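The residues making up each chain are set out below.
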Amino acid sequence: MRSQYPARNRNGVRDLVMVFICGVAQVIAGYANAQELRLNEIQTVGTHNSYRISPPREILGLIKITSPASAEALDYSHRPIAEQLGDLKMRQLELDIYADPKGGLYSNPIGHASLPDNDESARLHPNAEGAMDLPGMKVLHSPGFDYRSTVPTFVAALKQIHNWSQRHPTHVPILVLVELKDSVVGPALVKPVPYDEKLLDDVDVEIRSVFEDGDLILPDQIRGTHQTLRDAVIDEGWPRLDECRGRVWFALDNEGQLRERYLAGHPSLRGRVMFVSVDPNHEAAAFRKLNDPIRNFAEIRDAVRRGLIVRTRADVETRQARSGDTRRRERAFESGAQYISTDYPVADPRLTDYRVALPGEVEYRVNPVTSRRD
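Just so you know, these numbers come straight off a predicted model, no measurement behind them. (Residues numbered from 1 in each chain as written. Predicted model: local features only at pLDDT ≥ 70, side-chain atom pairs only at ≥ 80, totals over all residues. Heavy atoms only, no water.)

The secondary structure content of the protein chain amounts to 14 helices and 10 strands. In the protein chain, which comprises 374 residues, the share counted as buried stands at 55%. Taking the contacts inside the protein chain whose residues are at least 6 apart along the sequence as the reference set, 75% of them involve residues at least 24 apart. (Helix = DSSP H or I, 4+ residues; strand = E, 2+ residues; numbered from the N terminus. Buried < 20%, exposed > 50% of the residue type's maximum accessible area, 1.4 Å probe, protein only. Contact = heavy atoms within 4.5 Å.)

Quick look at the structure:
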């Protein structure tokens, strides 16, 4: 592969074990030419808002008074990140982050003040260990009433991902989708800090504070000697799976002005850490976020056939889990999107048996749209 794609530090024995495991996994997956399988030629499952814990029942009750639909949409939770990566074999995560350059902006959410004043409430306070007082990006859905998270800070979440990855060096690459939040849903009594050029740079800095280049798949690595990312993906393609196992890569969830601001001064994402979702004809085209596999089905298939990697969503706002409707889930798999996101890697026993997993509970399978069998 590309000479500028840095090798991870593994000893010889671990390399041999990895090659054996990779080969076996690909034979099991039914891929006839295992050595040629590339990152964009697989399909795997991940989670939406991977850090999130449902608001306490008292807060959900308050939300339900004014908007029953909103209360239903917010009533889901995820397991800790390491459990998702390990027990559930999730290979795509999503983190929402608020900028907090001075620290303390999100330490005392107004919603928590509505809870009973007791030991349990104190234990569940988002700043119980003081992490929210420190400067840096914070991980939460909304700072007023939907503030609960399994991990308080971006760096802490990154460390959990990195630590798990280092312990499992043969995993297929983990995509981390990062949404930059600068607005609030409902009352919060705080005003989020908008992402300017420095704060956008700080997102990259926080990622690089945990991950070395050899741990990552970076836009510069994929571009190589090509002028643009789009040219590299068309002419050379994504790395072979065996060459990028054990790595993590990042993509910006935001589009519009924040995406353009992130691209400014970095043509084709030169020097950047995160990929961005853009039109297939854009010079930075390599990744696309197309969340609706029913409405966007043809668009997803077109992007996949062009060599782009696509993330889509199998379910939204708990609707599919409540109804048991699997049509959106099945279209997501049929579309060829490489990363399929869900709020239900396991079924919620309060609802239906709806969940999203690959057949056989495997880590990945050969992509149904890009597969090239001999």
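Let us keep going from here.
Summed over all chains, the structure comprises 26 salt bridges. Residue D220 pairs with R223 through a salt bridge whose shortest N-O separation is 2.7 Å. With D220 and R223 both in helix 8 (residues 219–223) and 3 residues apart, the pair spans about one turn of that helix. Where R288 meets E299, a salt bridge forms, and the shortest distance between an N and an O atom there is 2.9 Å. Note that R288 is positioned in strand 7 (residues 287–289) and E299 in helix 12 (residues 297–305), a separation of 11 residues in sequence. Residues joined by salt bridges that share partners form a network here, namely D75, D348 and R350. (Salt bridge = Lys/Arg side-chain N within 4 Å of Asp/Glu carboxyl O.)

Of the residues in the protein chain, 90% have a pLDDT of 70 or more, and the chain-wide mean is 91. The low-confidence segment residues 9–30, where pLDDT is below 50, has 27 contacts with residues more than four positions distant or belonging to other chains. (pLDDT = per-residue confidence, 0-100.)

Looking now at the packing of aromatic side chains. Applying the stated criterion across every chain yields a total of 8 aromatic pairs. Where W238 meets F275, the ring centres are 5.6 Å apart and the plane angle is 40 degrees; that geometry is what we call tilted. Within this pair, whereas W238 is found in the loop between helix 9 (229–235) and helix 10 (241–244), its partner F275 is found in strand 6 (residues 274–276), the two being separated by 37 residues in sequence. With a relative accessible area of 1%, W238 lands in the buried category. Note on Y344 and Y354: the rings are 6.1 Å apart at their centroids and 80 degrees apart in plane angle, and the pair reads as edge-to-face. Note that Y344 is positioned in the loop between strand 9 (339–342) and strand 10 (365–366) and Y354 in the loop between strand 9 and strand 10, a separation of 10 residues in sequence. With respect to burial, Y344 and Y354 carry one shared label: buried. Connected via pairs of aromatic rings, a cluster forms that spans W238, W249, F275, F287 and Y339. (Phe/Tyr/Trp six-rings, centres within 6.5 Å; stacked < 30°, edge-to-face > 60°.)

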